[in-house]
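Each chain is listed here by its residues.
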Amino acid sequence: MLAFNHILAGSIVGAIAPAPLVPFIATASHFVMDILPHAYGEEPPYSRFLKIQIGADAVISIAAVALIFILFPEQWLIVGIGAFFGLLPDFLWLFWKRGPKWLDKFLDWAHWIQWAEWRHGWILDGMYASAFVYFLIQISDVI
Ligand SMILES: [Zn+2]
């Protein structure tokens, strides 16, 4: 799943879940999201297609973070914490096949649940993001 969707899903958790539970539910949201069919991924070295996808994902992710601050001027901290924990598990990929065995086991599982990745899956990612942004606007502080 592209990073911006983890940020948006985590933001929704931050906005609606009880604050002490936000880190846990947002982290769990990551794996629920990854079960859904989504964009294609690769291990380095990346193809040209994947470099473009990563670049677009980074730009949209920055826009998603900006949107949180615009929509939740009162609750930005807890919404931001949700966004952070929603995305956090993806940083573990840096240690895949490089870290301890237990982490590899966990990451093999995290890889396995992503059973439906396909080249045009970014279209699905765009649809999920549209629904999330629509919902975030509905529950926002400002609109
Ligand atoms: Zn992931």
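This one's a predicted model, so the numbers in the text were calculated from it and none came from an experiment. (Residues numbered from 1 in each chain as written. Predicted model: local features only at pLDDT ≥ 70, side-chain atom pairs only at ≥ 80, totals over all residues.)

Considering the overall build of the protein
Turning to step 1, where the next piece is worked out: Scanning the protein from N- to C-terminus turns up six helices and two strands.
Turning to step 2, where the next piece is worked out: Listing the helices and strands of the protein from first to last along the sequence gives α-α-β-α-α-α-β-α.
Turning to step 3, where the next piece is worked out: In terms of overall dimensions, the protein is globule-like: its C-alpha atoms have a radius of gyration of 15 Å, near the 15 Å expected for 143 residues.
Turning to step 4, where the next piece is worked out: Referenced to the eigenvectors of the C-alpha coordinate spread, the extents of the protein come out at roughly 45 × 30 × 20 Å.
Turning to step 5, where the next piece is worked out: Taking all 143 residues of the protein together, the buried fraction comes to 26%.
Turning to step 6, where the next piece is worked out: The contacts in the protein between residues at least 6 apart in sequence include a share of 81% that link residues at least 24 apart. (Helix = DSSP H or I, 4+ residues; strand = E, 2+ residues; numbered from the N terminus. Rg over C-alpha atoms; globule rule 2.2 N^0.38 Å. Buried ≥ 20, exposed ≤ 12 C-beta atoms within 10 Å, placed from the backbone. Contact = placed C-beta atoms within 7 Å.)

Observations concerning the environment of aspartate 125
Turning to step 1, where the next piece is worked out: Along the chain, aspartate 125 falls in helix α6 (residues 122-139).
Turning to step 2, where the next piece is worked out: Residue aspartate 125 is classed as buried on the basis of its C-beta count, with 22 C-beta atoms lying within 10 Å.
Turning to step 3, where the next piece is worked out: In the structure, aspartate 125 is positioned 122 residues away from alanine 3 in sequence and 9.7 Å away in space, judged by C-alpha atoms.
Turning to step 4, where the next piece is worked out: Look past the residues within four positions of aspartate 125 in its chain and what remains in contact with it is Met1, Leu2, Asn5, His38 and Ala39.

Quick look at the confidence of the model for the protein
Turning to step 1, where the next piece is worked out: Per-residue confidence for the protein gives a mean pLDDT of 94, with 99% of residues at or over 70.
Turning to step 2, where the next piece is worked out: Element-level mean pLDDT values for the protein span from 88 in strand β2 (residues 117-118) up to 98 in helix α1 (residues 3-16). (pLDDT = per-residue confidence, 0-100.)

With respect to the packing of α1 against helix α4 (residues 76-87)
Turning to step 1, where the next piece is worked out: Two elements in contact, α1 and α4, have axes whose closest approach is 6 Å; the angle formed by their N-to-C orientations is 140°. Relative to α4, α1 is oriented oblique. For α1 against α4, the interelement crossing comes out right-handed. Residues Ala3, His6, Ile7, Ala9, Gly10, Ser11, Val13, Gly14 and Ala15 of α1 pack against Ile78, Val79, Gly80, Ile81, Gly82, Ala83, Phe84, Phe85, Gly86 and Leu87 of α4.
Turning to step 2, where the next piece is worked out: Taken together, the residues of the contact of α1 with α4 sort by class into 12 nonpolar, seven polar and no charged. (Axes fitted to C-alpha atoms, helices over the stretch in contact; angles between N-to-C directions. Parallel < 35°, antiparallel > 145°, perpendicular 65-115°, else oblique. Left-handed = near helix turned anticlockwise from the far one by under 90°. Nonpolar A, V, L, I, M, F, W, Y, C, P; charged D, E, K, R; others polar.)

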